[in-house]
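Residue strings, one per chain:
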Amino acid sequence: QVQLVESGGGLVQPGGSLRPSCAASGFTLDYYAIGWFRQAPGKEREGVSCISSSDGSTYYADSVKGRFTISRDNAKNTVYLQMNSLKPEDTAVYYCAAGPGWGRFDPYEYDYWGQGTQVTVSS
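Here is a short report on the structure shown in this document. (Residues numbered from 1 in each chain as written. Predicted model: local features only at pLDDT ≥ 70, side-chain atom pairs only at ≥ 80, totals over all residues. Heavy atoms only, no water.)

### Section: the overall build of the protein chain
For the record, the criterion: In this description a helix means any DSSP run of H or I spanning at least four residues, a strand means any run of E spanning at least two, and both kinds are numbered starting from the N terminus. It is over C-alpha atoms that the radius of gyration is taken, and the globule rule equals 2.2 Å times the number of residues to the power 0.38. Summary of the burial criterion: residues with accessible area below 20% of their type's maximum are buried, those above 50% are exposed, and those between are partly exposed, where the area comes from a 1.4 Å probe applied to protein chains only. Every residue pair with non-hydrogen atoms within 4.5 Å of one another is taken to be in contact. A positive count includes Lys and Arg, and a negative count includes Asp and Glu. His and the chain ends are not counted in either. A charge is said to be at NZ when it belongs to Lys, at CZ for Arg, at CG for Asp and at CD for Glu.
Helices and strands together make up the secondary structure of the protein chain, namely 0 helices and 11 strands. Computed over the C-alpha atoms, the radius of gyration of the protein chain is 13 Å, within 12% of the 14 Å expected from 2.2 N^0.38 for a compact globule of 123 residues. Overall, the protein chain is about 40 × 25 × 25 Å in size when its C-alpha atoms are taken along their principal axes. Counting all 123 residues of the protein chain, 44% fall into the buried class. Within the protein chain, residue pairs in contact and separated by at least 24 positions form 59% of the contacts whose partners lie at least 6 positions apart. Separation between the mean location of the 10 positive side-chain charges and that of the 12 negative ones in the protein chain comes to 6 Å.

Below, the structure is given as structure tokens:
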């Protein structure tokens, strides 16, 4: 069964850090670009970061550039999103997705989606 499972979300104070992970089962992440998206209540889903399958190129939304880092561990079939200097506006459900191309933040370029992990930044 093809599946993506996110974990590692939670509640953190402003300025804190979290590192959600995205683990794949039923397929190998090596051959897929991975994207992280988020959706806050009442807002549209937006792309946060993505990493290519070929050369490990990364791409970040302006709102998280310099604070978030995406990485992949192919041996563990897992992708991570290191989130530092978190702000209340980062509060959202974070989803990972896998796709065969390099669609960056085009959700239609991704075939598989996880169920999401909640990230809440609040004092």
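Here the narrative resumes, following the displayed structure.
### Here we look at the nonpolar core
Nonpolar side chains in soluble globular proteins tend to be buried together. To be explicit about the condition: Only buried Ala, Val, Leu, Ile, Met, Phe, Trp, Tyr and Cys residues count toward a nonpolar core, and they belong to the same one when joined by side-chain atoms within 4.5 Å.
L4, L29, W36, F68, L81, M83 and Y94 are the most contacted members of the largest nonpolar core, which totals 28 residues. Beyond its immediate stretch of four places on either side in the chain, Y94 contacts E6, W36, F37, R38, V48, F68, L81, M83, G116, T117 and V119.

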